[in-house]
Structure formats: structure tokens, C-alpha cells
Amino acid sequence: MKRRSLFLNTTAIMGFLFLYAPIISLIVYSFNKSKLVTVWGGWSLKWYTELFKNQQIIDAALVSFKIALISASLAVVLGTMAGFVLSRMGRFRGKMILSGWITAPLVMPEVITGLSLLLLFVAMEGMFGWPSGRGTGTIIIAHTTFCMAYVAVIVQSRLASIDETLEEAAMDLGAKPSTLFFLVTLPLIAPALISGWLLSFTLSLDDLVIASFVSGPGNSTLPMVIFSKVRLGVTPEVNALATIMIAIVALGVLAAMYQMRRQTKLLSNQE
């Protein structure tokens with residue numbers, strides 16, 4: 001029993017080191033005073049100062065955050081609608097096809113998704129004159145397309161685990177469909193919506209391949225700028241930027257965990 005416990009603890013520690021040791025080293029070297037990334041020169045905030053003076057990175061970060069915010073919000077709305085249809089509308093003709101279409105972006109290679117969206121935008125521009133060129137709008141459409149698939153799966157799973165007698169009781173008391181959704185169903189699936197939004201925001205902010213296909217001149221996202229800089233060699237500014245992004249994502253995850261725990265306590269108190 002002790003050998004088994006020791007083996008499990010050792011495996012867990014090795015797994016966590018494998019996952020987080022590179023991230024920890026990146027954070028530590030973001031405070032490195034030396035210009036050489038692999039040579040330690042002492043603690044300093046020099047590269048954070050240099051980072052905020054780099055207008056190219058700042059502009060790319062603003063574009064990426066704008067795209068991620070809009071894409072995540074649209075993905076939550078469309079993904080919730082799709083998940084609700086698949087979970088609450090019962091069996092209908094074409095349900096399997098619809099489910100396959102919604103989940104296809106989850107397994108589709110990003111290169112195929114990016115290329116197909118690029119060809120679609122080019123064909124639409126030739127036929128309808130919209131979208132006129134590639135830019136922020138086409139990136140938002142592309143990111144919303146694959147992010148909503150993740151939201152739909154999360155919302156569908158959450159709806160499947162909810163006791164439908166709660167909704168039936170509200171309908172018996174005279175609640176209209178709109179009232180039922182906003183006052184009963186929506187609060188119950190709120191943790192799934194928050195998780196879906198955070199996941200969509202992270203995926204959009206992190207995307208490089210699809211954005212490279214559907215973006216145009218002057219609309220480079222942050223991952224595209226970082227990739228172009230890394231090809232010439234990793235600089236301490238990139239480490240500082242990555243540390244800030246890790247901090248933002250970590251705060252978002254902590255906020256989501258707090259909200260989900262709070263929602264769970266409220267539901268347990270009601271029961």
C-alpha cells in the first residue's frame with residue numbers, strides 16, 4: 001500500500017513538473033536583467049518597461065483582446081442556442097446531422113478550418129462584395145465558428161445533468177417559456193456559460209493558425225506578432241508578455257472557480 005502511494009505521489013509530482021516547469025522558468029526569466037534569455041543577470045523589471053514601450057506589441061494585444069471578447073460573447077450566445085436545441089428539443093429529423101456539424105470543428109485540423117474559411121470569404125466577396133478584404137471582422141467570424149462548438153458541448157452536457165422537474169414545476173406554476181428560461185434555466189446553466197466564455201476567450205486569444213489564414217495587412221493578432229519575433233530569436237520582452245497573459249488567464253480561472261463554487265453552494269442551500 002505504501003509502495004503504491006509512493007508511486008502515485010511520484011507520478012503526480014513528475015506530471016506537474018512536466019506541465020508547469022517550463023511555465024515557471026518562463027515567468028522567472030521574464031524578470032531577468034540580462035538581455036540574453038538563457039543567462040541570468042539578476043532581478044529586474046526592465047523588460048516589462050520595454051514591453052509597454054513596444055507599440056507593435058501593444059497594438060497587436062489590443063486587437064487580440066478585442067477579437068477574443070467579441071468572439072467569446074458571440075460564441076456563448078450561438079453555442080447556448082445550439083446546445084439548448086440538441087438537449088431540449090427532443091428527437092427531430094436531422095438532429096444527428098446538426099450534432100455532427102456543431103461538433104466537427106472540435107476534431108477538424110486548424111489548417112483545414114482556416115483554409116476553408118479563407119476560401120469561403122473569397123467566394124463571398126466575389127459574389128456579394130462582403131466581406132471586403134480580410135481583417136478583424138473575418139477573424140471574429142472564424143473564431144466564433146470554432147469556439148461555439150466548445151460552448152455547445154459544455155452547455156449540452158450541463159443541460160443533460162439538470163433535473164427537468166424544476167422546469168416542469170415552473171411551467172405548472174404558469175411560467176411562460178421566456179420566463180422559464182431566464183429565471184430557471186439560465187441560472188442553472190450559468191457555470192457552464194462562464195466556463196464556455198472563458199474557454200472561448202482563451203482559444204481565440206491563443207489562436208495562430210486560423211487567424212493567419214483569415215487576417216489581412218494591419219490586423220496582426222498577438223500570437224502572430226509573437227511568432228514572427230520568436231522566429232528571429234526569443235527576447236526577454238516575449239517572456240514578460242507571456243507572464244502577463246498567464247496572470248490574466250489565471251485570474252479568469254480563479255474567478256470562474258469562485259463563481260461555480262458560489263453557485264453550487266446556493267443550489268445546495270435551496271435543496
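Everything that follows concerns the structure shown earlier in this document.
Residues numbered from 1 in each chain as written. Predicted model: local features only at pLDDT ≥ 70, side-chain atom pairs only at ≥ 80, totals over all residues. Heavy atoms only, no water.

Broken down by element type, the chain carries 11 helices and zero strands. For the chain, the N- to C-terminal ordering of α and β elements is α-α-α-α-α-α-α-α-α-α-α. Along the longest, intermediate and shortest principal axes, the C-alpha atoms of the chain span 70 × 70 × 35 Å. Buried residues in the chain amount to 32% of all 271 residues. (Helix = DSSP H or I, 4+ residues; strand = E, 2+ residues; numbered from the N terminus. Buried < 20%, exposed > 50% of the residue type's maximum accessible area, 1.4 Å probe, protein only.)

With an omega of 0°, the peptide bond between Trp130 and Pro131 qualifies as cis. When you line up the elements, Pro131 lands in the loop between α5 (110-128) and α6 (136-161).

In total, this model carries one salt bridge according to the counting rule given. Residue Glu125 is joined to Arg134 by a salt bridge in which the shortest nitrogen-to-oxygen separation is 2.7 Å. The class for Glu125 is partly exposed, based on a relative accessible area of 28%. Judged by its relative accessible area of 27%, Arg134 is partly exposed. (Salt bridge = Lys/Arg side-chain N within 4 Å of Asp/Glu carboxyl O.)

It is worth spelling out the layout of surface pockets at this point. Its volume calculated, the largest pocket comes out at about 430 Å³. Forming the walls of the largest pocket are 14 residues, and the residues nearest its centre are Asp206, Ile226, Ala242, Met245 and Ile246. Listing elements by their share of the lining of the largest pocket, those giving two or more residues are α1 (2-29), α8 (177-206), α10 (222-230) and α11 (236-270). For the lining of the largest pocket, the residue count by class is 12 nonpolar, one polar and one charged. (1 Å grid on protein atoms, 1.4 Å probe; cavity = no way out; pocket = protein on both sides within 12 Å on 5 of 7 lines; lining within 4 Å. Points joined across faces, edges and corners; volume = space filled by probe spheres on them. Nonpolar A, V, L, I, M, F, W, Y, C, P; charged D, E, K, R; others polar.)

Ranked by size, the top nonpolar core spans 21 residues in total, and within it Leu117 and Val214 carry the most contacts. Listed by contribution, the elements that provide at least two residues to this core are α3 (55-88), α5, α6, α8 and α9 (209-214). Leu117 has contacts with Ala142, Ile210 and Val214, leaving out every residue within four places of it along the chain. (Core = buried A, V, L, I, M, F, W, Y, C linked by side-chain atoms within 4.5 Å. Contact = heavy atoms within 4.5 Å.)

Going through the model one piece at a time under the given rule, you end up with one cavity of 30 Å³ or more. Estimates place the volume of the largest cavity at around 30 Å³. Looking at the largest cavity, the residues that line it are Ser64, Ile67, Ala68, His143, Ser204, Leu205, Asp207 and Thr221. Among the elements of the structure, α3 and α8 are those that each provide at least two residues to the lining of the largest cavity. Sort the elements by how many residues they give to the lining of the largest cavity and α3 lands first, with three residues. A per-class count over the lining of the largest cavity returns three nonpolar, four polar and one charged.

Counting through the fold element by element, Leu74 comes out in helix α3. Those residues within four positions of Leu74 in sequence are excluded, and the remaining contacts are Ile140 and Thr144.

Let us look at a nonpolar patch on the surface. On the surface, Phe16, Phe18, Leu19, Tyr20, Ile23, Ile24, Val28, Trp40, Trp43 and Ile246 cluster together into a nonpolar patch covering about 1,100 Å² of accessible area. Of the residues forming the nonpolar patch, the biggest block, seven residues, is contributed by α1. Its place among the elements puts Trp43 in the loop between α1 and α2 (46-53). (Patch = residues over 30% accessible without salt bridge, like charges linked within 9 Å, V, L, I, M, F, W, Y side chains within 5 Å. Areas by Shrake-Rupley, 256 points an atom, 1.4 Å probe, with all protein chains shown as cover.)

Relative to each other, helix α7 (residues 164-172) and α8 sit at 165°, their axes nearing to 10 Å. It follows that α7 is roughly antiparallel to α8 by the angle criterion. The way α7 lies across α8 gives a crossing that is right-handed. Taken together, the residues of α8 that come into contact with α7 (itself represented by Leu166, Glu167, Ala170 and Met171) are Leu180, Val184, Thr185 and Leu188. Broken down by class, the residue content of the contact of α7 with α8 amounts to six nonpolar, one polar and one charged. (Axes fitted to C-alpha atoms, helices over the stretch in contact; angles between N-to-C directions. Parallel < 35°, antiparallel > 145°, perpendicular 65-115°, else oblique. Left-handed = near helix turned anticlockwise from the far one by under 90°.)

For the pair helix α4 (residues 95-107) and α6, interaxial distance at closest approach is 8 Å and the crossing angle is 110°. Relative to α6, α4 is oriented roughly perpendicular. Crossing handedness for the pair α4 and α6: left-handed. Contact with α4, carried on its side by Ile102, Thr103, Pro105 and Leu106, involves Thr145, Phe146, Ala149, Tyr150, Ala152 and Val153 of α6 and no other residues of that element. Along the lines of polarity and charge, the residues of the contact of α4 with α6 split into eight nonpolar, two polar and no charged.

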